Structure formats: structure tokens, C-alpha cells
Amino acid sequence: MSESYKEAFEKTRSAGIIAAGALDEVAKIAHPGTRTDEIDKLCYEFINDHGAYSAPLFYRGFPKSCCTSTNHVVCHGIPSEKVLKEGDIVNVDVTALKDGWHGDTSRTFEIGEVSIKAKKLVKTTHDAMMKAIKIVKEDIHLGDIGDIIQSHVEAEGFSVVQDFCGHGIGQIFHKEPNILHYGKKGTGEKIKAGMIFTIEPMINIGNYETKTLNDGWTAVTKDKSLSAQFEHTVGVTKDGYEIFTLPKN
């Protein structure tokens, strides 16, 4: 690994391990009867206890330490007294800020027994993210990432949200380049070794269109169809990639 990005990878790896660890803990309480603000408290305390800070807290005025996006909420759901119930799906999105570097990750959890359609949506979303990560290496085009996600998702009969995207990350929470989850192979800039960004497809059962609620944060599907998301922070190497936010199990 080049010395020029060795430190960036090391620092991002440390933050990513903490963020992933927080979601490993969430998995233990993602059951019917849990309130989303309990998930928020757990994430805040876990990240804090590991010497990091929850980057979403007060970011551009966001009031909580993580995002909890349930059912037809696409992203940026605000934790509250909302109680999770049997059959729900909920995406939990956390970012740990450790020694000035960010690790950003999210997972969609199935609450109790969910419908066959919801299960398929969650699996398709995770598979699409992993398929995209597996092609990451120096000199592929950004459009290649979007193309592989869109092709997989649409073949399964679902749609890719276009209003939100992945992003460069490091000492800054959100920066260039934007990582679109739809697109055409061979288009867009070429990625280079040392780049760090998130891949975080949001996939809907129905139409891809979204709207943001009056709180200024919560994005929902316009047709109220279910939405799922997964996210990893990834580093580009000469011949491949490193995922900084892998779960322990």
C-alpha cells in the first residue's frame, strides 16, 4: 500500500470497526417492541464508549446519533418513541468519527417475521451493494458501480432511488465524488487507488421517487412502498478494495 494513503486507510479502518460494532449491537435489540430512540441511545453510547463521536449528531442540525428508517422511509429517519413491530424492516445508519476520520455504514434489519416480498427486497439490496463493491479497483468508472446495482435491482423487479447517493468520505463526512447507484458502464470519472467512499444503495419495491417530510430530514417513497438500504465505507487499492465497515459475524 502506498504510504500516501496508508494513514487514511488505517484511520478509516479504526472508525469503521467502531461503526460496524455499533450495528452488531443493534442486531441484538432489533426486535418487536424496541423503540427507535432505544437504538439511538445504544449507538451513541457504544460509539462514545469506544473513543469516538456519533457524526450525525447535530450534523446540519440533525437531532440524533443515528438514522432509523422504517418501512417506506428511504433514509434520514429520526429516532423517536416509535415502537418497532412484527413484520417491519428498519435501516439503521451510523457514522463514527474517530481521530478526525469517519466510518459510515448502515444495515436493514428484519423485525420478527417479515413478508416474502420484504425479505426479497432486503436480500436484493444487500446483494446489489456487494456486487458493486466486488468490482471496485483502480481505473474502473463510477458509472460501472451504478450500472451493476441498477441491472441487478431492476432484474429483480425493484427500483433504485435516484435522489440520494453514496459519497466520498474521510476527514470530511460528505465530499466528492458522488457515487450514483444507477448509471451506464464506462461513464463517469475513473476511480484511483487511495480513494475512500461509501456505496449505499436505497432500493424500493415500487417507484423510485421520493419526497422529504416537513421535518426537513425524513425521506419517504412517494407511493408508500417499502424501501431498504445497506451501506459500507470502501477504500480503493491498486488491484481491488478494502471494506472498512464489515460486521463481525
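Please refer to the structure placed before this passage.
Computed from a predicted structure; not experimentally measured. (Residues numbered from 1 in each chain as written. Predicted model: local features only at pLDDT ≥ 70, side-chain atom pairs only at ≥ 80, totals over all residues. Heavy atoms only, no water.)

Thoughts on the overall build of the chain
When helices and strands are tallied, the chain shows 4 helices and 15 strands. The C-alpha radius of gyration of the chain comes to 17 Å, within 12% of the 18 Å expected for a compact globule of 249 residues. Across its three principal axes, the chain shows a C-alpha extent of roughly 50 × 45 × 35 Å. The buried share of the chain, taken over its 249 residues, is 54%. Residue pairs in contact within the chain that sit at least 24 positions apart in sequence constitute 69% of those at least 6 positions apart. When the accessible area of the chain is evaluated, it comes to approximately 11,000 Å², of which 51% is carbon and sulfur surface. Here the chain contributes 29 positive and 35 negative side-chain charges, whose respective centroids are spaced 2 Å apart. (Helix = DSSP H or I, 4+ residues; strand = E, 2+ residues; numbered from the N terminus. Rg over C-alpha atoms; globule rule 2.2 N^0.38 Å. Buried < 20%, exposed > 50% of the residue type's maximum accessible area, 1.4 Å probe, protein only. Contact = heavy atoms within 4.5 Å. Areas by Shrake-Rupley, 256 points an atom, 1.4 Å probe, with all protein chains shown as cover. Lys, Arg positive; Asp, Glu negative; His and termini not counted. Charge placed at Lys NZ, Arg CZ, Asp CG, Glu CD.)

A look at the nonpolar core
Val136, Ile145, Ile149, Ile191, Phe197 and Ile199 are the most contacted members of the largest nonpolar core, which has 29 residues in total. Looking at this core, the elements with two or more residues in it are helix H3 (116–134), helix H4 (142–155), strand E9 (196–199) and strand E14 (232–237). If you look at the next biggest cluster of nonpolar residues, it comprises 20 residues, including Ala22, Leu23, Phe46 and Ile111. (Core = buried A, V, L, I, M, F, W, Y, C linked by side-chain atoms within 4.5 Å.)

Quick word on the pattern of salt bridges
This model, assessed by the stated rule, comprises 13 salt bridges. In this structure, the salt-bridge partner of Glu25 is Lys28, at a minimum N-O distance of 2.9 Å. Of this pair, Glu25 and Lys28 both sit in helix H1 (residues 3–29), 3 residues apart, which is roughly one turn of the helix. The exposed category is assigned to Lys28, whose relative accessible area is 55%. The partner of Lys192 in a salt bridge is Asp139, and the shortest N-O contact between them spans 2.6 Å. Highlighted residues: Lys192 in the loop between strand E8 (175–179) and E9 and Asp139 in the loop between H3 and H4, separated in sequence by 53 residues. (Salt bridge = Lys/Arg side-chain N within 4 Å of Asp/Glu carboxyl O.)

Observations concerning the packing of aromatic side chains
In this structure the tally under the stated criterion is 4 aromatic pairs. With centroids separated by 4.8 Å and ring planes inclined at 50°, the aromatic side chains of Tyr5 and Phe9 adopt a geometry described as tilted. Of this pair, Tyr5 and Phe9 both sit in helix H1, 4 residues apart, roughly one helical turn. For Phe9, a relative accessible area of 0% corresponds to the buried category. By the ring-pair criterion, three or more aromatic residues cluster together here, those being Tyr5, Phe9 and Phe244. (Phe/Tyr/Trp six-rings, centres within 6.5 Å; stacked < 30°, edge-to-face > 60°.)

These figures come from the coordinates and say nothing about function on their own.
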